[in-house]
Amino acid sequence: MLYSQRGSQGSWRLLLPFVLLAAWEAGSGQLHYSVPEEAKHGTFVGRIAQDLGLELAELVPRLFRVASRDHGDLLEVNLQNGILFVNSRIDREALCGRSAECSIHLEVIVDRPLQVFHVEVEVRDINDNPPMFSAAEQRLSILESRMPGSRFPVEGASDMDIGSNAALSYKVNPNEYFDLDVKRKEEETNVLQLVLKKPLDREETQEHRLLLTAIDGGKPELTGTVQLLIDVLDANDHAPEFDESVYNVRLLENTPNETLVIKLNASDMDEGINKEILYFFSNLVPDNVQSKFTIDSTSGEIKVKGALDYEDRKLYEINIDAVDRSPFPLAGHCKVLVKLVDVNDNMPEMAITSLFLPIKEDAQLGTVIALISVSDRDSGANGQVTCSLSPHVPFKLVSTFKNYYSLVLDSALDRETTADYKVVVTARDAGSPSLWATASVSVQVADVNDNVPAFAQPEYTVFVKENNPPGAHIFTVSATDADAQENALVSYSLVERRVGERLLSSFVSVHAESGKVFALQPLDHEELELLQFQVSARDAGVPALGSNVTLQVFVLDENDNAPALLGPQAGGGTIELLFRSVSSGHVVSKVRAVDADSGYNAWLSYELQPAAGAVHSPFRVGLYTGEISTTRVLDESDTPRQRFLVLVKDHGEPALTATATFLVSLVENSQTLKVSSRVLVGPSSSDSMLVDVNVYLIIAICAVSSLLVLTLLLYTALRCSASPTEGVCGPGKPVLVCSSAVGTWSYSQQRRQRVCSGEGPPKTDLMAFSPSLPQGPSSTDNPRQPNPDWRYSASLRAGMHSSVHLEEAGILRAGPGGPDQQWPTVSSATPEPEAGEVSPPVGAGVNSNSWTFKYGPGNPKQSGPGELPDKFIIPGSPAIISIRQEPASNQIDKSDFITFGKKEETKKKKKKKKGNKTQEKKDKGNSTTDNSDQ
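Here the structure is a predicted model, which is why all the values come from computation and not from measurement.

Basis of the calculations
- Residues numbered from 1 in each chain as written.
- Predicted model: local features only at pLDDT ≥ 70, side-chain atom pairs only at ≥ 80, totals over all residues.
- Heavy atoms only, no water.
- Helix = DSSP H or I, 4+ residues; strand = E, 2+ residues; numbered from the N terminus.
- Buried < 20%, exposed > 50% of the residue type's maximum accessible area, 1.4 Å probe, protein only.
- Contact = heavy atoms within 4.5 Å.
- Areas by Shrake-Rupley, 256 points an atom, 1.4 Å probe, with all protein chains shown as cover.
- Salt bridge = Lys/Arg side-chain N within 4 Å of Asp/Glu carboxyl O.
- Pairing = 2+ DSSP bridges.
- UniProt positions renumbered as here; feature names shortened; annotations may be inferred.
- Axes fitted to C-alpha atoms, helices over the stretch in contact; angles between N-to-C directions.
- Polar contact = N/O pair within 3.5 Å; in protein donor to acceptor, adjacent residues only side chain to side chain.
- Disulfide = S-S within 2.5 Å.
- Patch = residues over 30% accessible without salt bridge, like charges linked within 9 Å, V, L, I, M, F, W, Y side chains within 5 Å.
- Phe/Tyr/Trp six-rings, centres within 6.5 Å; stacked < 30°, edge-to-face > 60°.
- Lys NZ or Arg CZ within 6 Å of the ring centre and 35° of its normal.
- pLDDT = per-residue confidence, 0-100.

**Considering the overall build of the chain**
Helix and strand counts for the chain come out as eight helices and 56 strands. For the chain, the proportion of its 934 residues judged to be buried stands at 46%. Considering only intrachain contacts with a sequence separation of at least 6, the fraction spanning at least 24 residues in the chain is 68%. Of the accessible surface of the chain, which amounts to about 46500 Å², a share of 53% is contributed by carbon and sulfur atoms.

Put into C-alpha cells, the structure is as follows:
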C-alpha cells in the first residue's frame, strides 16, 4: 500500500525556495547560477566573463581570479573562454546538510582597476539518496488480546535529500492482520503506526513478518525497506497510555545540566503489577540524543545531560516507551519534540580576504584597500552583523554584498602628515546584549613626489672679498624636501646664464650633493662688483620637482690697485713754464691720478716731496685736489729750474702710492714764448720727450673735443627747432651741463664718458663747476666760482673714460623759480685754510654713493644754490664751454649762447672787452699753464 500526503502546504514549501531565489536575484544585482549536485568534472555552469561584461583578452592581464571562502576547489574558470565549470565533485548534503537553500558564494576579483564581483552558484538537489531506516529490522511485541484498531508505532525512514526528493511515502506488503497508517506532524515528521485489522491468535501464529517500504518523491523514485518482526504475546490486556502522543518543548540553548525538560505521565487501566509503569527511551532514539538527555524510569522526568547548541542542532526527537510490570508487559508510546531557542552566544567573526597595500598618497577617492567578510553563527537578530570603523580615519566601509564589505578611501591622503594608519574594524551583532569583535588593519601610505624642495628664504646675500683663491668656498645653500626616500634626495645645480661675454659656470660652481658654492677663479671688484645668479634644487622623484634660490654675491673691494697717473704725468715727468711775477696762490699745474679701487681704497691724497738738499720750496700741493700752487711771490733768489716730486697715496690698508715728477722753469715776463720754448730744450733728452708727448696728446684731445662740440651743436639745434620755447633755448635755463676734469677725485677707468643734455626740468646726470683760477686785483668782474676741492660720489668717479652721474647728488637751480640744487656739504675742518675739505662718509665702500664736498674758508665767495658757473671745461680737452644767462626780456644771439674754443682765445676775448692789456698778458700765462695741465 502507498500512503502519501501532499497537500497545498507541501506544494507551497516546494515553491518557496524558487520564490526566494527570484527575490534575491532582483535585489542583489549579482550573478546567479545553478548547477546540480554530483555533476561531472567540466560541467558547464555559465559564461561568467561575458555576464560580468569582461573581455576575454583582459582576463589574464587583469589577474582574473575566483575565490571562495570554504569551497575554493569545487568550481573553476577557464581563462581562455571565460566559462565557469565544475572542477570537483559537489555533494549538496555534505555542503549544506538538509538546509532548504544551498549555494556556493564566489568572489570574482580583477585588478587594474580593482573590481570585485559576487557570484552565487546554487547547488540543486538531485535524488541521489534513497530512504534509509536506522536498522535492518524492527521487532514489535503485541498481545494477542489486543483489540482490532489498536495502533503500534513503527520507526520511519529518513532521506538526506530535500524537497520532493525527501517527501517519503510508505507501504507494507499485503497481509490480513495489519494495515499502515501514516500521519504527518510538525517539522515534516511522519508518524507511522501499524493498525491491527483483526485479533491475533498466538496459538495460530506466534510471529508475523512484514516488509515496510519507504518511497521518496524523486525522479526516478528511490526506496528503502525494513523488516518488521511482530511477536504475539499472551496475557496483559491494557497497555499504558500517555495523555498526548506528541509533546512539544522549547528549551534555550546552553541550558545547564540537570535542568528539567518535561515530566511524562502515563496511565494503565490494569490492576496490580500490571498497572505499575516504567519509562524508557525507545530503541528508536539514537545514541547522540541519549547523550544529551536522561529519563527517570520511575518518575518519567526527562533532564538535560549534555551541552545543547542551537548552531549544531535545532530539534531533538525523543521516543518514549511506558511499560507496565506485567510478566507480559504492555507498552505505551509517545514522542517528545525538544526545540532549542537561539541565544546570542557567538561573537561575530571577521576575515580580511584581500589587502592592497601600501596605498599611494595620491590615490583616487573610492580606491579599494581591503575586502572584509563577517559572519555570526547565531540566527535572527543575533546573527545580524553591522561593521564600523574607528573614527578620524580617511577611510570608510562600503557594503558590497550580504556580510561583505570593502574598505575604501574616503578622503585625500598626505604621507607627510600621516605615514600610516591603524584602522580598527568593529563587527557588532544585533543581539541583546550585543557581542562584537574587532580586527586591525595597518594601512601604509606610499610616498608620491608632491613636494618641491624648499629653501629657507628666496634670496641670499653673500659678501666675498676680491682676490679670493680659486676654488674658495663662499656659501652653502640648503633645501629640504618633505617627501621620502628618492623623492627627498635633493641635488643642486647652477641656472646657467651669461655674465657679460662669459658663462656663469666659469665664475662659480655648486656641489650637487652638499650645495656648497665655490668661486672657480679670483673675483675682481673692479671688473665685477655684483654677481647675481640662481641655484636650482631638484629632487630625484619621477617626475622631478625643483625650485630656485637667488644668490647675490657682492665682491668687496681690497686695496690691490695703486694710483695711476694720467696724461703726460704718466710718462715719468712734466715740464711747466711759470712767470716769476705770478702772485701767491697761483695754480701752476695739477696732478691727475686715478685708482681703480673703491671707497677709501680709491680716495687719493697728494704730498709734495722736494728734492734732496733743496731749500724751502715755493710750491705746495693741495692735499686732496692735487693742484700745485705757489706759496709766495717768486723772487730772484729762486732757482730758475725747480724740480720736485708729488707723492700720490690712497687711503687703503696698506696704502699704495705713485709719484709724479714736475720740472718748473721760471721765466721773466719780457721773455717770449719762443725763448721759453728754447729753455725747455735742454741737454736732458727725457724733458724733450715729455714735451713731444704733450703735443700729441693735445692734438688728439682737440680732435675728440671737436667731434663732441659738433655733436652738441647739432643736438642743440634740433632741440631748439623742435621746441623753440622750451629746452636748451629757453631763456634763463642753462640746460646743457658738462663735467669738468678739474675735480680732485680720482676717476675710474672702467666707465665711458658721456655728455648729457636735459630738457624740461634739469637732469641730474652731470655735475657742473668752473676751475679755480686765481683772481687778480683787477678781476672783480669774474663770476663767483665754487672751490673745485670736492669729490664725486664713490660710485660716480669720473675720468678720461668715465661719465659723471649725479643721481644721488641732488638737483641744480637754473635760476629764480627753477628747481633747487642741494649741494652736499661736509662739516669737518681742512688742514689747509685755502683748500676745500673732502672726506668719504662713514662706511664708504662698495656702492657708496654719498661722497660730499665743502669749500675752503680761504676761497672767494661761493656760488649760491641758484647760480651756475659761467664756463665749463671738457675733461682732457683744451676747449671750454661758456654759458651766458640773460634776462628773459633780452634778445640774445643763440649762436653766442654756447661758445667753443681754446681757453686762451676765450680769455683774450674777455680781456679785449675790458680793455686791460696787462691783465691779458697775465691771463695768457695762465692759459698756457692750463694747456700744459691738460
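**Some points on the pattern of salt bridges**
Counting across every chain of the model gives 20 salt bridges. Among the ionic pairs, Lys396 bridges to Asp410, the shortest N-O distance being 3.8 Å. Of the two residues, Lys396 sits in strand 28 (residues 395-401) while Asp410 sits in the loop between strand 29 (404-409) and strand 30 (420-429), which places them 14 residues apart along the sequence. With relative accessibility at 37%, the residue Lys396 sits in the partly exposed group. The closest approach of N and O atoms between Arg415 and Asp447, which form a salt bridge, is 2.9 Å. Residue Arg415 is located in the loop between strand 29 and strand 30, and its partner Asp447 is located in the loop between strand 31 (436-446) and strand 32 (454-455); the two are separated by 32 residues in the primary sequence. Through salt bridges with shared partners, a single ionic network connects Arg139, Glu207, Arg209 and Asp231.

**Looking at the pairing of strand 33 (residues 459-465)**
Only one face of strand 33 is covered, namely the face carrying Tyr460, Val462 and Val464; the face carrying Glu459, Thr461, Phe463 and Lys465 is uncovered. Here strand 33 runs beside strand 42 (residues 546-556); their pairing, made up of seven bridges, is parallel. Along strand 42, the bridge assignment pairs Lys465 with Leu556.

**Some details on the UniProt feature "transmembrane region" (unreviewed entry) in the chain**
As recorded in UniProt, the feature "transmembrane region" (unreviewed entry) lies at residues 695-715. What you have in residues 695-715 is 100% helix and 0% strand, and the ends, taken at the C-alpha atoms, are 30 Å apart.

**Concerning the sheet that holds strand 49 (residues 627-630)**
The three strands are arranged 45-49-48 in an open sheet whose pairing can be described as antiparallel. The sheet terminates laterally at strand 45 (587-590) and strand 48 (619-621), the two strands that pair on one side only. Between one strand axis and the next, the sheet turns by 25° as a mean value, whatever way the strands run. Taken together, the three bridges between strand 45 and strand 49 define a ladder with antiparallel strand orientation. Bridge assignment links Val587 to a residue of strand 49, and that residue is Ser629.

**Overview of the environment of Asp91**
Looking at the element boundaries, Asp91 is found in the loop between strand 5 (83-86) and helix 3 (92-96). With residues up to four places along the chain from it excluded, the contact list for Asp91 reads Glu37 and Glu38. One polar contact links the side chain of Asp91 to the main-chain amide nitrogen of Glu93, over a distance of 3.2 Å.

**Focus on the state of the cysteines**
Formally, a disulfide is one covalent bond, and it connects the sulfur atom of one cysteine to the sulfur atom of another. Within this structure, the stated rule accounts for one disulfide. Bridging Cys96 to Cys102, the disulfide has an S-S length of 2.0 Å. Between Cys96 and Cys102, the S-S torsion sits near 70°, and that sign places the bridge as right-handed.

**Looking at a nonpolar patch on the surface**
Where nonpolar side chains cluster on the molecular surface, the patch consists of Val695, Tyr696 and Ile699 and spans about 340 Å² of accessible area. Within the element layout of this structure, Ile699 appears in helix 6 (residues 685-722). Since its relative accessible area comes to 54%, Ile699 is described here as exposed.

**Looking at the sheet that holds strand 4 (residues 75-78)**
Ordered in space as 2-5-4, the three strands form an open sheet in which the pairing is antiparallel. One side of each edge strand has no neighbouring strand; the edge strands of this open sheet are strand 2 (44-46) and strand 4. Looking at each pair of strands side by side, their axes are set apart by 40° on average, direction ignored. Here strand 4 runs beside strand 5; their pairing, made up of four bridges, is antiparallel. In the strand pairing of strand 5, Leu75 is matched with Val86.

**Re the pairing of strand 6 (residues 103-110)**
Among the eight residues that make up strand 6, seven are buried, leaving the element largely enclosed by the rest of the structure. In terms of strand pairing, strand 3 (residues 65-67) meets strand 6 through three bridges, oriented antiparallel. By the bridge assignment for strand 6, Val66 is matched with Val108. The pairing of strand 6 with strand 7 (residues 115-124) spans eight bridges and is classified as antiparallel. Each bridged residue has a counterpart across the sheet, and for Ile104 the counterpart in strand 7 is Val121. From the end of strand 6 to the start of strand 7, which pair antiparallel, there are four residues, and Arg112 there has a positive phi angle of about 55°.

**Looking at the packing of aromatic side chains**
Taken as a whole, this structure holds eleven aromatic pairs when the rule is applied. Pairing Phe133 with Tyr170 gives two aromatic rings, centres 6.5 Å apart and planes at 65°, and the pair type is edge-to-face. Highlighted residues: Phe133 in the loop between strand 7 and strand 8 (137-143) and Tyr170 in strand 10 (residues 169-172), separated in sequence by 37 residues. With a relative accessible area of 1%, Tyr170 lands in the buried category. Above the plane of the ring of Tyr310 lies Lys314, whose end atom (NZ or CZ) is 5.2 Å from the centre. Above the face of the Phe507 ring, Arg502 is positioned so that its terminal group lies 4.4 Å from the ring centre.

**Quick notes on the confidence of the model for the chain**
Regions with low pLDDT carry predicted coordinates that are not meant to be interpreted in detail. Summing up the model confidence of the chain, the mean pLDDT is 74 and the portion of residues at 70 or higher is 69%. Confidence, read as mean pLDDT per element, is least for strand 53 (residues 852-854) in the chain (36) and greatest for strand 40 (residues 516-519) (96). Every residue in residues 1-29 is under pLDDT 50, and counting partners more than four places away or in other chains gives 32 contacts. Low confidence marks residues 723-934, where pLDDT is under 50. Its contacts with residues over four positions away, or in another chain, come to 438 contacts.

**A closer look at the environment of Gln227**
Within the secondary structure layout, Gln227 lies in strand 14 (residues 223-233). When the C-alpha positions of Gln227 and Gln138 are compared, they lie 6.2 Å apart, and in sequence the two are 89 residues distant. Discounting residues that sit within four places of it in the chain, Gln227 has contacts with Ala136, Glu137, Gln138, Arg209, Leu210 and Leu211. Polar side-chain contacts of Gln227 include one of 3.5 Å to the backbone oxygen of Leu210.

**Focus on the side chain of Asn382**
Position of Asn382 among the secondary structure elements: in the loop between strand 26 (368-375) and strand 27 (385-389). There is a polar contact of 3.2 Å between the side chain of Asn382 and the side chain of Asp342. Apart from the residues within four sequence positions on either side, Asn382 is in contact with Asp342, Val343, Asn344, Asp376, Asp429, Gly431 and Ser432.

**Let's talk about unusual backbone geometry**
With an omega dihedral of -5°, the bond running from Arg112 to Pro113 counts as a cis peptide bond. Considering the arrangement of structural elements, one finds Pro113 in the loop between strand 6 and strand 7. Residue Pro654 follows Glu653 across a cis peptide bond; omega there is -5°. Despite not being glycine, Asn254 shows a phi value in the positive range, around 60°. Residue position: Asn254 is located in the loop between strand 16 (246-252) and strand 17 (260-263). Within the chain, Glu258 stands out as a residue other than glycine whose phi angle is a positive 70°.

**Regarding the environment of Ile295**
Along the chain, Ile295 falls in strand 20 (residues 293-295). When its relative accessible area of 18% is taken as the criterion, Ile295 is described as buried. With 35 residues separating them in the primary sequence, Ile295 and Leu260 have C-alpha atoms 9.8 Å apart. Not counting chain neighbours up to four residues away, the residues in contact with Ile295 comprise Tyr279, Phe280, Phe281, Gly300, Glu301, Ile302 and Ile320.

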